Amino acid sequence: MGRRFCLALALAALPIVTANEEVPAVHQDSWGDFWLFRFLVNAAGYASIVVPGFLLIQYFKRKNYLETGRGICFPVIKSCVFGNEAKSVHQDDTLLAARNETVESSTARQFFKLLFCATGLQISYLTWGVLQERVMTRTYGATESDPGEKFKDSQFLVFMNRILACTVAGLYCALIKQPRHGAPMYKYSFASLSNILSSWCQYEALKYISFPTQVLAKASKVIPVMLMGKLVSRKSYEYWEYLTAALISVGVSMFLLSSSHDKHLSTVTTFSGVVLLAGYIVFDSFTSNWQDALFTYKMSSVQMMFGVNVFSCLFTVGSLLEQGALLESVRFMARHSEFAAHAVLLSVCSAFGQLFIFYTINQFGAAVFTIIMTLRQAFAILLSCLIYGHAVTVVGGLGVAVVFTALFLRVYARSRMKKRAKKVPVEGTVQKV
């Protein structure tokens, strides 16, 4: 009975394609390359680090080490397990003060500063998107006689991204004065683990679905967030939030249904891809919520970036070494210098893109940042279609337009609500997503 259940589960997770569609070679090589197997192996690698760490933390807390501990290791253990300061209830005041301290500048200077932020975000993340699709869906070393080989280890790409992001954030914290750090270091590990898994799902999903489908799925993650808020937390939402969520659902459905008849390999949407995208949305939602909770401690966004990426490097390098995949990926880089250049540039764009995010929000607020990133998603779909030849029908194009119209409506409605709230005190609070 157990064997039948496992077989049924494995068959259900296999890519769903029509009889006329050819299954990409990446899905056929071996069970060792199957995403569910790789996910479980990676999770086991992370568990080999998390479980001993958890036991150590519980040991130090049970022994009341904060009161009884002494010696050269005491400051390190205190910082990792107990932290250095109590929580700050008014953490938002730090960002507001930083923004208010900005010297009043001319309209022209503000315009060029906004142009700098928008350009930096667009270049960083558009390049990142194009390279992400290139690395995960195309072969390297192809010749007339040799079809080449694909890079398959998504975890190595996550490791590359995180180690460079950790280095950039560490240098930023060392060169620019930051608030005194107070959070226990181990608390970053939760956001780090979910962040690794969400990134892995994002990379792995490109083996099964097209990049435009992935971008639209990210844009529509507000829908499950609202559903979970309504069902689990009994949160209430404004009427315009329901309207825009419905428009997003309609737009995504139009795009997916219009693409279902396309036989091009890069636009085959599979059940595995849907599961991986769902995993990305779940893990990413947890990451953002956990980081929001961590910000109740006194810290800057760059300190958050550094803390999360330190643990991400630890988890990914540990898992890669246990699997023997680190050396294998390095050998792939040695065989294909083009891949090495792509992987490094991918990491650079990811790291500096995060710095542009922090700077833009600090200077202009979340609304302006959301508009810039929404435009980036539209440009990313357009670039992917132009460079990699994804076919989009008229109905699919209309669906994309509906999704982004709904996203801009959300930004506009939210800004209006904030302006109204400043003028008239509101008795009840309404949860926004």
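Please read these numbers as outputs of a predicted model, since none were measured by experiment.

1. Some remarks on helix H2 (residues 35-62)
In step 1: Here H2 spans 39 Å end to end across 28 residues, near enough to the 40 Å set by a 1.5 Å rise per residue.
In step 2: At alanine 47, H2 is deflected by roughly 25°, the largest bend along its length.
In step 3: Taken from the residues just after H2, asparagine 64 is the one with a positive phi, measuring 55°.

2. Quick word on the packing of helix H6 (residues 107-137) against helix H16 (residues 366-388)
In step 1: Two elements in contact, H6 and H16, have axes whose closest approach is 9 Å; the angle formed by their N-to-C orientations is 40°. As H6 packs across H16, the resulting crossing turns out to be right-handed. Counting all contacts with H6, which are made through Leu114, Ala118, Leu121, Gln122, Tyr125, Leu126, Val130, Glu133 and Arg134, the residues of H16 involved are Val368, Phe369, Ile372, Met373, Leu375, Arg376, Phe379, Ala380, Leu383, Ser384, Ile387 and Tyr388.
In step 2: Of the residues contributing to the contact of H6 with H16, the split by class is 16 nonpolar, two polar and three charged.

3. Examining the packing of aromatic side chains
Both the distance between ring centres and the angle between the ring planes are used here to describe each pair of aromatic rings.
In step 1: Using the criterion set out here, one finds 23 aromatic pairs in the structure.
In step 2: Between the aromatic rings of tyrosine 186 and phenylalanine 190, the centroid separation amounts to 6.4 Å while the plane-to-plane angle is 65°, which identifies the pairing as edge-to-face.
In step 3: Take tyrosine 186: its relative accessible area is 16%, and that puts it in the buried class.
In step 4: We classify phenylalanine 190 as partly exposed; its relative accessible area is 37%.
In step 5: The rings of Tyr140, Phe151, Phe156, Phe159, Phe332 and Phe339 are connected pair by pair, giving a single aromatic cluster.
In step 6: Across from the ring centre of tyrosine 140, 4.1 Å away, lies the NZ or CZ of arginine 134, which sits over that ring.

4. A short note on the environment of alanine 169
In step 1: The residue alanine 169 is located in helix H7 (residues 154-175) in this model.
In step 2: When neighbours within four sequence positions are excluded, alanine 169 is seen to be in contact with Val302, Met305 and Phe306.

5. Quick notes on the environment of serine 210
In step 1: Within the secondary structure layout, serine 210 lies in the loop between helix H8 (188-205) and helix H9 (211-219).
In step 2: In this structure serine 210 comes out as buried when scored by relative accessible area, which is 4%.
In step 3: The spacing of serine 210 and serine 384 is 174 residues in sequence and 9.1 Å in space, taken between C-alpha atoms.
In step 4: A distance of 2.8 Å separates the side chain of serine 210 from the side chain of threonine 213, its partner in a polar contact.

6. A word on the pattern of salt bridges
Any two side chains of opposite charge can pair, on the condition that their charged atoms come close.
In step 1: Following the criterion strictly, the structure yields four salt bridges and no others.
In step 2: Ionic pairing is found between glutamate 338 and arginine 134, a salt bridge with its closest N-O pair at 3.6 Å. One end of the pair, glutamate 338, is in helix H15 (residues 337-364); the other, arginine 134, is in helix H6, and 204 residues separate them in sequence.
In step 3: When its relative accessible area of 41% is taken as the criterion, glutamate 338 is described as partly exposed.
In step 4: On the basis of relative accessibility, which here comes to 14%, the residue arginine 134 falls in the buried class.
In step 5: Of the charged contacts, one joins glutamate 149 and arginine 335 as a salt bridge, the two residues approaching to 3.0 Å between their closest N and O atoms. In this pair, glutamate 149 sits in the loop between H6 and H7 while arginine 335 sits in helix H14 (residues 325-335), placing the two residues 186 residues apart along the sequence.

7. A few points about the side chain of serine 189
In step 1: In this fold, serine 189 is placed in helix H8.
In step 2: The exposure class of serine 189 is buried, given its relative accessible area of 15%.
In step 3: Not counting residues up to four positions away in its chain, the partners in contact with serine 189 are Phe311 and Phe315.

8. Digging into the environment of serine 312
In step 1: Considering the arrangement of structural elements, one finds serine 312 in helix H13 (residues 301-323).
In step 2: Setting aside its immediate chain neighbours within four residues, serine 312 contacts Arg162, Ser192, Asn195 and Ile196.

9. With respect to the confidence of the model for the chain
In step 1: Here the chain shows a mean pLDDT of 81. Residues at 70 or above account for 82%.
In step 2: Note on residues 1-28: pLDDT under 50 across the span, and 32 contacts to partners over four residues away in sequence or across chains.
In step 3: Predicted confidence for residues 425-433 stays below pLDDT 50, and this span has 22 contacts to residues more than four positions away or in other chains.

Rules of the game
Residues numbered from 1 in each chain as written. Predicted model: local features only at pLDDT ≥ 70, side-chain atom pairs only at ≥ 80, totals over all residues. Heavy atoms only, no water. Helix = DSSP H or I, 4+ residues; strand = E, 2+ residues; numbered from the N terminus. Expected span 1.5 Å × (residues − 1). Bend = angle between axes of the 7 residues up to and from the residue. Axes fitted to C-alpha atoms, helices over the stretch in contact; angles between N-to-C directions. Left-handed = near helix turned anticlockwise from the far one by under 90°. Contact = heavy atoms within 4.5 Å. Nonpolar A, V, L, I, M, F, W, Y, C, P; charged D, E, K, R; others polar. Phe/Tyr/Trp six-rings, centres within 6.5 Å; stacked < 30°, edge-to-face > 60°. Buried < 20%, exposed > 50% of the residue type's maximum accessible area, 1.4 Å probe, protein only. Lys NZ or Arg CZ within 6 Å of the ring centre and 35° of its normal. Polar contact = N/O pair within 3.5 Å; in protein donor to acceptor, adjacent residues only side chain to side chain. Salt bridge = Lys/Arg side-chain N within 4 Å of Asp/Glu carboxyl O. pLDDT = per-residue confidence, 0-100.

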